[in-house]
Amino acid sequence: LAKVRDRLLDGNRFLGEDKALQQFQCEFQSKLDELAYSRIRYWSNRTALATAVSPNGLADTLATMYCSFSMLGDLCTIYNLRTNNTGTAILLARIFLNSYLAGQLNELESVTGESAAQLLASNLPISELLARVMGRLSAKVGTGMVNYFLLNRLGAHACRLLRPVETR
């Protein structure tokens, strides 16, 4: 990246604005985007796992909030930028909404788990206990996946706000 930056900033090599922006996006910013998306995947996976194994809604909320702020810190470090006041307010609102939803999904787990258990017990030749365990497990996995997608979406939005040059 340092070599590409030096080449892009070389005053003796005037490429024209369009060519310079295209070269910046292809050779410099694309590397930052790759790293940013790998960090988003890392924090999304961590959130999914944490909320899938957590015992209650408070733990889901705290895990989601921690992972969201950590991911945004990583993205700001990668792009070496901060958002403006409006962008910060939007990201904070999304973080708090995602954290709230993570806690509320725990309320739906019991209903979802019971419904899945009834569906499994009525359609498969398994015991009622096994159906309840499988129903509860499927509800926890579903909660983890919803939180994965919410954090992934937050990360993609943060990248759009933090990129120095908008991608086409």
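The coordinates are above.
Visitor: What is the right way to read the overall build of the protein chain from this model?
Guide: Regarding its fold elements, the protein chain presents five helices and zero strands. In the protein chain, the succession of helices and strands from N to C terminus is α-α-α-α-α. Taken over 168 residues, the protein chain has a buried fraction of 38%. On the protein chain, roughly 10,400 Å² of surface is accessible, and the fraction owed to carbon and sulfur atoms is 60%.

Visitor: Which parts of the structure should I look at to understand the pattern of salt bridges?
Guide: Should their charged atoms come close, side chains of opposite charge can pair. Using the criterion set out here, one finds two salt bridges in the structure. Where Asp33 meets Arg163, a salt bridge forms, and the shortest distance between an N and an O atom there is 3.0 Å. Note that Asp33 is positioned in helix α2 (residues 17–53) and Arg163 in the segment after α5 (128–162), a separation of 130 residues in sequence. Put simply, Arg39 and Asp74 hold a salt bridge, and the shortest N to O gap is 2.9 Å. Of this pair, Arg39 sits in helix α2 while Asp74 sits in helix α3 (residues 57–79), and the two are 35 residues apart along the sequence.

Visitor: Looking at this structure, I do not really get unusual backbone geometry. What am I missing?
Guide: Apart from glycine, the bulk of residues carry a negative phi angle, and the bulk of peptide bonds sit in the trans form. Not every positive phi belongs to a glycine, and Asn80 is a case in point at roughly 55 degrees. Its place among the elements puts Asn80 in the loop between α3 and α4 (85–123). Residue classification places Asn80 among the exposed residues on the basis of a relative accessible area of 68%.

Visitor: Even after reading the chapter, I still don't get α3, so can you show me in this structure?
Guide: Counted at 1.5 Å a residue, the expected span for α3 with its 23 residues is 33 Å, and the 33 Å between its end C-alpha atoms agrees. Of the residues flanking the start of α3, the one acting as N-cap is Asn56, its side-chain oxygen 3.3 Å from the backbone nitrogen of Leu58.

Visitor: Would you take a moment to explain the nonpolar core for this structure?
Guide: Nonpolar side chains in soluble globular proteins generally cluster together in the buried interior. One finds Met71, Leu72 and Leu75 to be the most contacted residues of the largest nonpolar core, which totals 19 residues. Of all elements in the fold, only α2, α3, α4 and α5 reach the threshold of two or more residues within this core. Among residues more than four places away in sequence, those in contact with Leu72 are Leu91, Ile95 and Ala158.

The rules behind each value
- Residues numbered from 1 in each chain as written.
- Predicted model: local features only at pLDDT ≥ 70, side-chain atom pairs only at ≥ 80, totals over all residues.
- Heavy atoms only, no water.
- Helix = DSSP H or I, 4+ residues; strand = E, 2+ residues; numbered from the N terminus.
- Buried < 20%, exposed > 50% of the residue type's maximum accessible area, 1.4 Å probe, protein only.
- Areas by Shrake-Rupley, 256 points an atom, 1.4 Å probe, with all protein chains shown as cover.
- Salt bridge = Lys/Arg side-chain N within 4 Å of Asp/Glu carboxyl O.
- Expected span 1.5 Å × (residues − 1).
- Polar contact = N/O pair within 3.5 Å; in protein donor to acceptor, adjacent residues only side chain to side chain.
- Core = buried A, V, L, I, M, F, W, Y, C linked by side-chain atoms within 4.5 Å.
- Contact = heavy atoms within 4.5 Å.

It is worth stressing that arrangement in space is one thing and function is another; only the former is reported here.
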